[in-house]
Amino acid sequence: MLVNVENTSLAALLDLVSTGFRMFVVGDPAGPDAVVYVRTRRELRDMIVVHGPDECEAVRMIHRAMTRQVEGTTPEVVATVLGWPC
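Conventions used here
Residues numbered from 1 in each chain as written. Predicted model: local features only at pLDDT ≥ 70, side-chain atom pairs only at ≥ 80, totals over all residues. Heavy atoms only, no water. Pairing = 2+ DSSP bridges. Helix = DSSP H or I, 4+ residues; strand = E, 2+ residues; numbered from the N terminus. Axes fitted to C-alpha atoms, helices over the stretch in contact; angles between N-to-C directions. Contact = heavy atoms within 4.5 Å. Core = buried A, V, L, I, M, F, W, Y, C linked by side-chain atoms within 4.5 Å. Buried < 20%, exposed > 50% of the residue type's maximum accessible area, 1.4 Å probe, protein only.

Enquirer: Can you help me understand the sheet that holds strand β2 (residues 34–41) in this one?
Expert: Sheet strands line up and pair through hydrogen bonds in the backbone, either parallel or antiparallel. Strand order in this open sheet of five strands is β1-β2-β3-β4-β5, and the pairing throughout is antiparallel. Here the strands that pair on one side only, and so sit at the sheet edges, are β1 (22–26) and β5 (65–72). Taken pair by pair, the neighbouring strands of this sheet meet at an average axis angle of 15 degrees, ignoring direction. As defined by bridge partners, strand β4 (residues 55–62) adjoins β5 across seven bridges and the pair is classed as antiparallel. Its bridge partner lying in β5, C56 is registered against G72. Strand contacts of helix α2 (residues 74–83): β2, β3 (44–52), β4 and β5, with the helix running at about 145 degrees to β5, the strand carrying the most contacts.

Enquirer: Which parts of the structure should I look at to understand the nonpolar core?
Expert: Across soluble globular proteins, nonpolar side chains have a tendency to be buried as a group. With 15 residues, the main nonpolar core has L16, Y37, I48, A58, V77 and V81 as its most contacted residues. For this core, the elements supplying multiple residues, two or more each, are α1 (2–18), β2, β3, β4 and α2.

This is the structure in structure tokens:
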């Protein structure tokens, strides 16, 4: 069952990259503490922090003010963020 969660998480992260998110590794690349995905469009910035397949969080900032926030599994968070209006 863990393999399915990891495959679903990987597919979700590939969706982020295909929609314009840039990836940044936090910590040692061989064993990162987290991976951060960021997409900026004008005054809007979405940021997703992935700690693992079951631990992920995201925020949307507009003009440096947080307007949305979500936490959950990586696939849940990615689906939510990709559903936020542009």
